[in-house]
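Each chain, written out:
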Amino acid sequence: MSENALPLLSFGPGSLPPIRERNDDYDSDDERPGHPRRWYHYVPLCIAVLLLLAPHPSILHVLLNYHYLTLHAPYYFVFHLLVIYTLSFLAFSSLIACVARDPGPVPDNAKPLEATATEGDDGGDMSLEDALLSAPPDDYTQPGKWCRICWRPKPERAHHCSQCGRCVLKMDHHCPWLGAKCIGFRTYPSFLHFLASVTLLSAYIAAICIRGLVFAFTHPLAINEITPVHMLLLSFAGCAFALVIGSFLIYHIYLVLTNQTTLEHISPFYLLRHLPPFPPRGGLSSPPLEQQLDSAQRRAVRATHARMRLYDVGWQRNVAQVFGVGGGEDLGASDSGCTTKRYHHHHHHHHRHHYRWRRWAARFLWGGSCCGTGTQFPRNPRADDVLAELAVKLIRLEEGMATTAMV
């Protein structure tokens, strides 16, 4: 044996590779070590705020010169003013919630390594065999259970964001327009609220300005010559924003009704991590990787993804998971992680009513928040059968390809 050969097992100092230490100071912060926020990360956010504020001088000019001075309709003037600035306030409140809130910190529920070290420090003796064979409370060695990039547990539907350098619960997408932050479990309702507020605001401004343009063309001498220019610009901007932001809103409403995230919708191969264990033969790992699949197997995965949504449990319960409404109860279905506070009827009826009122106020002001912990979600009742069929189909295609190669 060569003198430079390394032993199979070594317990001396420096024999193990360095383990990346976790910094618990960043558990609830979006900025991780190595991914600091730079000034240019906030440029798209500043542009978004500027686009929301820029039309307001023209809006005030139109309301004052057209509705108040030309039509002599103070009630319409006050009504339009209240509606426009209420929608503007709602848009900014949800925008602040998206930027200020953590999108979804991953809870540190299981710390097997730290627990083992604590037991040793307390004087408890543990043999090497017991240490190697002992299993943690949750099996984070399974695929998708542990993130090998940020060195933390990775719950169901959580994804690692390379831009933020962290895992996010129920990550939907990374949005550079919201301060270069992710849209995740805790900020998704506010994101939908922001899209809805901006769409309604844009459509409302476009509607009143188009109506003003019609009046300006039919009564050219009755209105100030500058006001139609403001109306024309506001009509164009309102229609453009309503079409662009409204398209995103319609798409995300579809995702809510089918209980999908953007990543889950555009990436059908996320289904692979939920397949049942594969037999230890063939060229596929367990679970299989996308790179291991041929064209026929990829088509099978895409076809399965198209006909079955993994977390679709009916549109009412899907909405309840996001907003905490529906299903007869204010907080929605209980199996989605939403637990309704139970009160005694005679002593706590007022507190229960107050609690529901606060939740509805939060939904109106900034979209509220999802209920539950964001780590577990109910699945489609057909999911297990469909995934088993997909696994069998992938194995058969793999065996057929191996037989063809042998022939």
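Report follows, based on the coordinates.

Quick notes on the rules
Residues numbered from 1 in each chain as written. Predicted model: local features only at pLDDT ≥ 70, side-chain atom pairs only at ≥ 80, totals over all residues. Heavy atoms only, no water. Axes fitted to C-alpha atoms, helices over the stretch in contact; angles between N-to-C directions. Helix = DSSP H or I, 4+ residues; strand = E, 2+ residues; numbered from the N terminus. Parallel < 35°, antiparallel > 145°, perpendicular 65-115°, else oblique. Contact = heavy atoms within 4.5 Å. Nonpolar A, V, L, I, M, F, W, Y, C, P; charged D, E, K, R; others polar. Expected span 1.5 Å × (residues − 1). Buried < 20%, exposed > 50% of the residue type's maximum accessible area, 1.4 Å probe, protein only. 1 Å grid on protein atoms, 1.4 Å probe; cavity = no way out; pocket = protein on both sides within 12 Å on 5 of 7 lines; lining within 4 Å. Points joined across faces, edges and corners; volume = space filled by probe spheres on them. Patch = residues over 30% accessible without salt bridge, like charges linked within 9 Å, V, L, I, M, F, W, Y side chains within 5 Å. Areas by Shrake-Rupley, 256 points an atom, 1.4 Å probe, with all protein chains shown as cover. Salt bridge = Lys/Arg side-chain N within 4 Å of Asp/Glu carboxyl O. Phe/Tyr/Trp six-rings, centres within 6.5 Å; stacked < 30°, edge-to-face > 60°. Lys NZ or Arg CZ within 6 Å of the ring centre and 35° of its normal.

### Some details on the packing of helix α1 (residues 43–53) against helix α3 (residues 74–100)
Angle between the axes and distance between the axes are the two parameters that describe a pair of packed helices.
Okay, so step 1: Across the interface, α1 lies against α3 with an axial gap of 12 Å and an inter-helix angle of 175 degrees. It follows from the interaxial angle that α1 and α3 lie roughly antiparallel. Contacts between α1 and α3 involve L45, V49, L52 and L53 on the former and, on the latter, F92, L95 and V99.
Okay, so step 2: Tallied by class, the residues present in the contact of α1 with α3 amount to seven nonpolar, no polar and no charged.

### Quick look at helix α2 (residues 56–70)
Okay, so step 1: Over its 15 residues, α2 runs 19 Å from end to end, which matches the ideal 21 Å to within 8%, given 1.5 Å per residue.
Okay, so step 2: Inspection of α2 places H56, S58, I59, V62, L63, N65, Y66, H67 and T70 among the buried residues, and these make up the whole buried set.
Okay, so step 3: In this structure, the buried side of α2 is in contact with α1, α3, α6 (188–218) and α7 (227–258).
Okay, so step 4: Remark: H72 follows α2 within two positions and exhibits a positive phi of approximately 55 degrees.

### Some points on the environment of A203
Okay, so step 1: As for its placement among the helices and strands, A203 is situated in helix α6.
Okay, so step 2: The class for A203 is partly exposed, based on a relative accessible area of 38%.
Okay, so step 3: Note: C-alpha distance between A203 and A237 (34 residues apart in sequence) is 9.6 Å.

### Description of unusual backbone geometry
Okay, so step 1: Looking along the chain, the bond that leaves S286 and enters P287 is cis, with omega of -5 degrees.
Okay, so step 2: Locating P287 in the fold gives a position in the loop between α8 (262–266) and α9 (295–307).
Okay, so step 3: For A180, which is not glycine, the phi dihedral falls at a positive 55 degrees.
Okay, so step 4: Relative to the assigned elements, A180 resides in the loop between β5 (173–175) and β6 (181–183).

### Side note on empty space enclosed by the protein
Okay, so step 1: Tallying each qualifying case throughout the model produces two cavities of 30 Å³ or more.
Okay, so step 2: There is about 80 Å³ of room inside the largest cavity.
Okay, so step 3: Lining the largest cavity we find R157, K170, D172, F185, Y188, L255, V256, N259, Q260, T261, V322 and C370.
Okay, so step 4: Here the lining of the largest cavity is composed, by residue class, of six nonpolar, three polar and three charged.

### A short note on a nonpolar patch on the surface
Okay, so step 1: Side chains of W39, Y40, V43, I47, L51, W177 and F241 sit close together on the surface and give an oily, nonpolar patch of about 730 Å² of accessible area.
Okay, so step 2: In terms of residue count, α1 provides more of the nonpolar patch than any other element does, three residues in total.
Okay, so step 3: Residue placement: Y40 occurs in the segment before α1.

### What about the packing of aromatic side chains?
Okay, so step 1: Tallying each qualifying case throughout the model produces six aromatic pairs.
Okay, so step 2: Ring centres 5.4 Å apart and planes at 55 degrees place the aromatic pair Y68 and F77 in the tilted group.
Okay, so step 3: Judged by its relative accessible area of 39%, Y68 falls in the partly exposed class.
Okay, so step 4: For the ring pair W146 and W151, a centre distance of 6.0 Å and an interplane angle of 85 degrees mean the geometry is edge-to-face.
Okay, so step 5: Given a relative accessible area of 23%, W146 falls into the partly exposed group.
Okay, so step 6: Members of the aromatic cluster, each reached through a chain of ring pairs, are F185, Y311 and F377.
Okay, so step 7: For R157, the ring lying beneath its charged end belongs to Y311, and the centroid distance is 4.1 Å.
Okay, so step 8: Over the aromatic face of F377 sits the side chain of R157, whose NZ or CZ is 4.9 Å from the ring centroid.

### Some remarks on the environment of F77
Okay, so step 1: Examined against the element boundaries, F77 turns out to sit in helix α3.
Okay, so step 2: Through-space distance from the C-alpha of F77 to that of L64 is 7.3 Å; in sequence the pair is 13 residues apart.
Okay, so step 3: Leaving out residues up to four positions away in the same chain, F77 has contacts with L63, L64, H67 and Y68.

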